[in-house]
Amino acid sequence: MLAAILSRLLRMVVVMFGISVITFLIFFATPSSDPAARIAGKNAAQETIEAVRKDFGLDRPLYVQYGLMMKRLFITRDLTSFANRGQQIVPAVAAAAPATLSLVSGAAVLWMLGGILTGITAAAWRGRWPDKLLMGISMMAVAMPVFWVGEMVNLITQNRLHDTWAFSWVPALGYTPFSQDPGLWFRSMVFPWLTLAFLYIGLYGRMLRTGIIETYQEDFIRTARAKGLTGRKVLLKHATRSAIIPIVIMFGMDFGVLVGGAAVLTEVVFGINGVGRLTYQALKVLDLPMIMATVLYASFFVVVANAVVDLLCLLIDPRMRRA
Amino acid sequence: MTDLATLTPAAAVGTRPILSIRDLSVSFLGARNSWTRVIEGLSFDVAPGETVALVGESGSGKSVTSLSVLGLLDPATSRLEGSILLDGHDVLKLDEAGMIRHIRGQAAAMIFQEPMTSLHPIYRVGDQIMEALTSHRDMPKAEARRQAIALLERVRIPNAAKRIDDYPHAFSGGMRQRVMIAMALASRPKLLIADEPTTALDVTVQGEILDLLKDLQAEFGMAMLFITHDMGVVAEMADRTVVMLRGRSVEQGPTAAIFADPQQPYTRALLASVPVLGSMKGEPAPLRFPVVDMKTGVAGEALPLRSKPDLTAPILDVRDLVTRFDVRGGMLNRRVARVHAVENVSFRIFPGETLSLVGESGCGKSTTGRSIIRLNDRSTGSVRLGDDDLFGLGAEAMRRKRREIQMIPQDPLASMNPRMTVGDALVEPFLEHGMGTAAEGRAKAARLMDQVGLTAAMLERYPHEFSGGQRQRVCIARALMLDPRLIIADESVSALDVSVKAQVVNLLLDIQDRMGIAFLFISHDIAVVERISHRIAVMYMGEIVEIGPRAEILERPRHAYTRQLIGAVTVPDPARRHLRRNLAVTELRTPIRPLDYAPPVRRYEEVAPGHLVMIEG
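What counts, and where the lines are drawn
- Residues numbered from 1 in each chain as written.
- Chains lettered and ligands numbered in written order.
- Predicted model: local features only at pLDDT ≥ 70, side-chain atom pairs only at ≥ 80, totals over all residues.
- Heavy atoms only, no water.
- Helix = DSSP H or I, 4+ residues; strand = E, 2+ residues; numbered from the N terminus.
- Buried < 20%, exposed > 50% of the residue type's maximum accessible area, 1.4 Å probe, protein only.
- Areas by Shrake-Rupley, 256 points an atom, 1.4 Å probe, with all protein chains shown as cover.
- Lys, Arg positive; Asp, Glu negative; His and termini not counted.
- Charge placed at Lys NZ, Arg CZ, Asp CG, Glu CD.
- Contact = heavy atoms within 4.5 Å.
- Buried area = accessible area lost by both parts, 1.4 Å probe.
- Salt bridge = Lys/Arg side-chain N within 4 Å of Asp/Glu carboxyl O.
- Polar contact = N/O pair within 3.5 Å; in protein donor to acceptor, adjacent residues only side chain to side chain.
- Pairing = 2+ DSSP bridges.
- Axes fitted to C-alpha atoms, helices over the stretch in contact; angles between N-to-C directions.
- Phe/Tyr/Trp six-rings, centres within 6.5 Å; stacked < 30°, edge-to-face > 60°.
- Lys NZ or Arg CZ within 6 Å of the ring centre and 35° of its normal.
- Core = buried A, V, L, I, M, F, W, Y, C linked by side-chain atoms within 4.5 Å.
- Arc of directions from axis to C-beta.
- Parallel < 35°, antiparallel > 145°, perpendicular 65-115°, else oblique.
- Left-handed = near helix turned anticlockwise from the far one by under 90°.
- Nonpolar A, V, L, I, M, F, W, Y, C, P; charged D, E, K, R; others polar.

Broken down by element type, chain A carries 13 helices and zero strands. When the helices and strands of chain A are read in sequence order from the N terminus, they spell out α-α-α-α-α-α-α-α-α-α-α-α-α. Across its three principal axes, chain A shows a C-alpha extent of roughly 85 × 60 × 35 Å. Taken across its 323 residues, chain A has 46% of its residues classed as buried. Counting every atom, chain A has about 16700 Å² of accessible surface; 68% of that belongs to carbon and sulfur. The average position of the 30 basic charges and that of the 18 acidic charges among the side chains of chain A differ by 11 Å.

Spelled out as structure tokens, the structure:
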């Protein structure tokens, strides 16, 4: 067990090191990315740029620059932005992370519950109207872009019907930290959660339905039926537990990627200052320290979420415990 | 002592049958909403304590019959008519809830062909048995567990109290079938339906399971409906037999009568096609199967192989072949053990000769075949084909050399590209090896199709348009396209029905007669091996334990394992009805060894000319 965790940690370090190196190299290969010119500002004289280059150590070999950046990011934690002078990177990411985590975690609970319920219900009534209805809605959920859904939700809850009894409780757009006002935090997150979860409920519901229906072809389902189990027990205990494994694996990926910043569209639509938005802004101005920090932060969550999922799979499926 | 009376049909006369099927018809919904009859007018009875065998070739509807009895067919795509009376309930009139209350896991229980996939992989075997116990009656968990252990002991699983908490993957195929049987017995059913319960198992394991079923039937006094394609198993298990053909019952009656005096041509043909171990005593050369006239069921004369192997120089010389695979795991995916799949195997094959490799699953016989043509690159030793050392050739030279060794696979459908016509599949390797133009390839393919008993017009068809036997003929034609000197046939006839199996074996012998090709015939089916081989090598745990001329090995086996293997083969002789092999229950033995394992140096004793036996101990 300890060996497994250690080997997992080692792999995580290797992955993050690889990603940071690639990010670093790609940045310097990008046209007009010269950090010195950016720091010096528009229309700066050549001498100013050279001075900045020397000041910031940008004239030193790349590996030295890489080492310095990692040291300032992880050890001294005083790495500053190239674009916004004096902006400290680590606190900025630390401030954005809770917003994204709140958004994605809440949505994840909703979409796992909704997706599993949808998948099981559709599989149980396969070919009949509950199945057709749920699969139709799921298809729509997958097909509609999340920013469009978000805008429509805003249109209704913030604008058209905001003053009616139904939506008057919805606060204005934006994120309120949980520590500040839990009630407000919850009320402001309800519609972002639903919006983000909608797409994934559709995806997961469809996948689980297909998985359950495929599992019904298995010999062990025939065995379960032959020994006289009720239809409900066959469905919930024998078919669903096998079919849920791919869903759990996919959940790990999706959760990690979203916490890492892929929820940017939802964040922007609902005015939440999360990691996705931070990354997007950093990319617009080619701000290497910020890009580096957010990319590493994202890769950390993807790797951690995958490790957690692997553990979950071990709990569900004993066959994976052998290796 | 068992009361033998409960086992014989005589006692059953007069009592009410436990299962009575009358005029059963089953239709399946096919393409374009058309219904196809798969069972037509089937009627038979099973008396309490009696064993009835349903026997027939694939597609005869025997499995569908068994699934109908438990109502396990999908009601949306199947239609059943007639009546099935099981323990006083009319199965076709019961709804799903009624089936669960009275039939499934109550009056009747079922075991299946594939023990590897029939247990739920992610629940402990104990939980699966306990579920069968508690789903029909209220039972405290501790009591269910106690009973599950008792059941596992009943099916002779060693160390049952400990194994109950293992998952299915920790059991071998035979052990899993025992677990399935324990689960079926949980409800003390009056009828046990066994659908090809030993088909997927090795012969020695098959013997153990058949013994177990006979014992349990006597202990529990239950009736059995035994579905199989294997006449040997029928002879050994069944009081009465129902012979099925294309969904109809052709003939039914006491097993002894059916075997001694079959009335219908089809039954006669079926019995005549069965390869029987021991039928080759005194025959000097491989012998074709007699050609059976399917209309009259009369068997013609069996033609022997005319050509003789050319013993001057071997075509294939394998020396000290070793293939090991790493087992990885733990931290950083290190090597933790090694599978000694093939260990110091040496043999020679001469032109026009057939050497058979026999042994049970996992003994390394297929790996040997694959290692010879370098389909895995982890082998050491030397393999000489004619004058070339195959292990010393470069990649391109080896690719060209592959032309001379061709393979015939076990599963012809899986080995053909479904999107390529048979003609393209045949011509492709011909062109790849630069043996001629496309037109020449076509002409050769047409000629070979003719030789394997198909027609040139079939070259335009796709693999799915052929029957199983025809597909295997196509695979043989594909192998012949490159004028090979040696053909490796890996379980090439194992999946075929008996009548088709005989035809394909005859075809292989025809080809050997005509072209003098050597065969390495890999098979677990010893009755077929007896027909086709000049020499036989017996493999066990990656090593050859005995090798020699066919008659020597089969009539005077010296090694304990060879004897065990031959003793386990079923023979279509109803006199063996009450035979018990009394084999010790064997656990799966695998050639997985620790990294520092040094294989012992083996010595062989020549007990007769060319007959070598590994010295044990």
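Let's shift gears to the interface of chain B and chain A. On the chain A side, the residues contacting the 31 residues of chain B number 27 residues. Here chain B packs against chain A, burying approximately 2600 Å² in sum over the two surfaces, 60% of which is carbon and sulfur. Between chain B and chain A we count three salt bridges in total. For the salt bridge of B:Glu96 with A:Arg225, the shortest nitrogen-to-oxygen distance reads 3.8 Å. The tally of links from chain B across to chain A stands at 13 residue pairs in polar contact (both at pLDDT 80 or more). For the side of chain B that touches chain A, the secondary-structure elements that each account for two or more residues are α3 (96–103), α4 (115–118), α5 (125–134) and α8 (173–185) of chain B. Here the side of chain B that touches chain A takes three residues from α5(B), the largest share from any one element.

All names here are of chain B. Reading across the sheet, the six strands line up as β6-β7-β8-β3-β9-β10 and stay open at both edges, with mixed pairing between neighbours. Looking at strand neighbours, the two that pair on one side only are β6 (108–111) and β10 (248–254), the edges of this open sheet. Direction aside, the axes of adjacent strands within the sheet are offset by 15° on average. In the sheet, strand β3 (residues 51–55) pairs with strand β8 (residues 223–228) via five bridges, with the strands oriented parallel. By the bridge assignment for β8, Val 52 is matched with Leu 225. Along the sheet, α8 makes contact with β6 and β7 (191–195), crossing β6 at roughly 170°. Each of β9 (240–245) and β10 touches helix α12 (residues 265–273); the most contacted strand, β9, lies at about 100° to it.

A few words now on the packing of aromatic side chains. Evaluated as defined, the whole model comprises 15 aromatic pairs over all chains. Summarising the aromatic geometry, the rings of A:Phe24 and A:Tyr66 are spaced 5.3 Å apart at their centres and angled 80° between planes, so their arrangement reads as edge-to-face. Linking A:Phe24 in helix α1 (residues 2–29) with A:Tyr66 in helix α4 (residues 62–75), this pair joins segments that are 42 residues apart in sequence. Of the two residues examined, A:Phe24 and A:Tyr66, each falls in the buried class. One Lys or Arg, A:Lys237, reaches over the ring of B:Tyr123 and ends 5.3 Å from the middle of that ring. The ring of B:Trp35 carries B:Arg79 above its face, with NZ or CZ at 4.1 Å from the centroid.

Turning to the sheet that holds strand β1 (residues 19–29) of chain B, a few remarks are in order. Residues and elements named next belong to chain B. Across the sheet, which stays open at both edges, the four strands sit in the order β2-β1-β4-β5 with antiparallel pairing between neighbours. Two strands in the sheet have a free side with no partner beyond their single neighbour: β2 (35–46) and β5 (89–90). In this structure, β1 lies alongside β2, joined through eight bridges in antiparallel fashion. Its bridge partner being in β2, Ser 20 is matched across the sheet by Asp 45. Packing of helix α2 (residues 62–69) onto the sheet brings it into contact with β1, β2 and β4 (78–86), and relative to β1 it is tilted by some 110°.

Residue and element names in this part refer to chain A. In this structure, Arg 72 sits in helix α4. Separated by 172 residues in the primary sequence, Arg 72 and Ile 244 have C-alpha atoms spaced 43 Å apart. If near-sequence neighbours (up to four positions away) are discounted, Arg 72 is found in contact with Arg 77, Asp 78, Leu 79 and Thr 80.

The subject of this paragraph is the pairing of β6(B). Residue and element names in this part refer to chain B. Neither face of β6 is exposed, since Ala 108 and Met 110 on one face and Ala 109 and Ile 111 on the opposite face are all buried. As paired elements, β6 and β7 share four bridges and run parallel to each other. For Met 110, the partnering residue across the bridge sits in β7 and is Ile 193.

Turning to the nonpolar core, a few remarks are in order. Counting residues in hydrophobic clusters, the biggest one holds 84 residues, and the most contacted among them are A:Trp111, A:Leu196 and A:Ile212. Contact partners of A:Leu196, with chain neighbours within four places excluded, come to A:Leu103, A:Val104, A:Ala107, A:Leu258, A:Ala263 and A:Thr266. Within the second largest apolar cluster, 77 residues are counted, among which are B:Leu24, B:Ala108, B:Val205 and B:Ile209.

Our next topic: the pattern of salt bridges. Residue and element names in this part refer to chain B. According to the stated counting rule, one finds 44 salt bridges over all chains in the structure shown. With a closest N to O distance of 3.3 Å, Lys 214 and Glu 236 form a salt bridge. In this pair, Lys 214 is assigned in helix α9 (residues 203–220) and Glu 236 in helix α10 (residues 231–237), connecting sequence segments 22 residues apart. Taking relative accessible area as the criterion, Lys 214 reaches 3% and is therefore assigned buried. Three or more residues are tied together by salt bridges with common partners; here these are Asp 388, Lys 401, Arg 403, Glu 404 and Arg 485.

All names here are of chain A. Of all the positions in helix α12 (residues 275–284), only Val 275, Gly 276, Leu 278, Thr 279 and Ala 282 are classed as buried. Seen end-on, α12 carries its buried residues on one side only, within an arc spanning 160°. Where α12 is buried, its residues contact α5 (89–124), α10 (231–262), α11 (264–269) and α13 (288–316). Leu 286, located one to two residues past α12, shows a positive phi value of around 50°.

Now for the packing of α5(A) against α10(A). Packed helix pairs are characterised by how far apart their axes lie and by the angle those axes make with each other. Residues and elements named next belong to chain A. The geometry of α5 relative to α10 is characterised by a closest axis approach of 11 Å and an angle of 155° between their N-to-C directions. As far as their axial angle goes, α10 and α5 are roughly antiparallel. For the pair α5 and α10, the crossing hand works out as right-handed. Residues Thr 100, Leu 101, Val 104, Ser 105, Ala 108, Trp 111, Met 112, Ile 116, Ile 120 and Ala 124 of α5 pack against Leu 235, Leu 236, Thr 240, Ile 244, Ile 247, Phe 251, Asp 254, Phe 255, Leu 258 and Val 259 of α10. Here the residues of the contact of α5 with α10 sort into 16 nonpolar, three polar and one charged.

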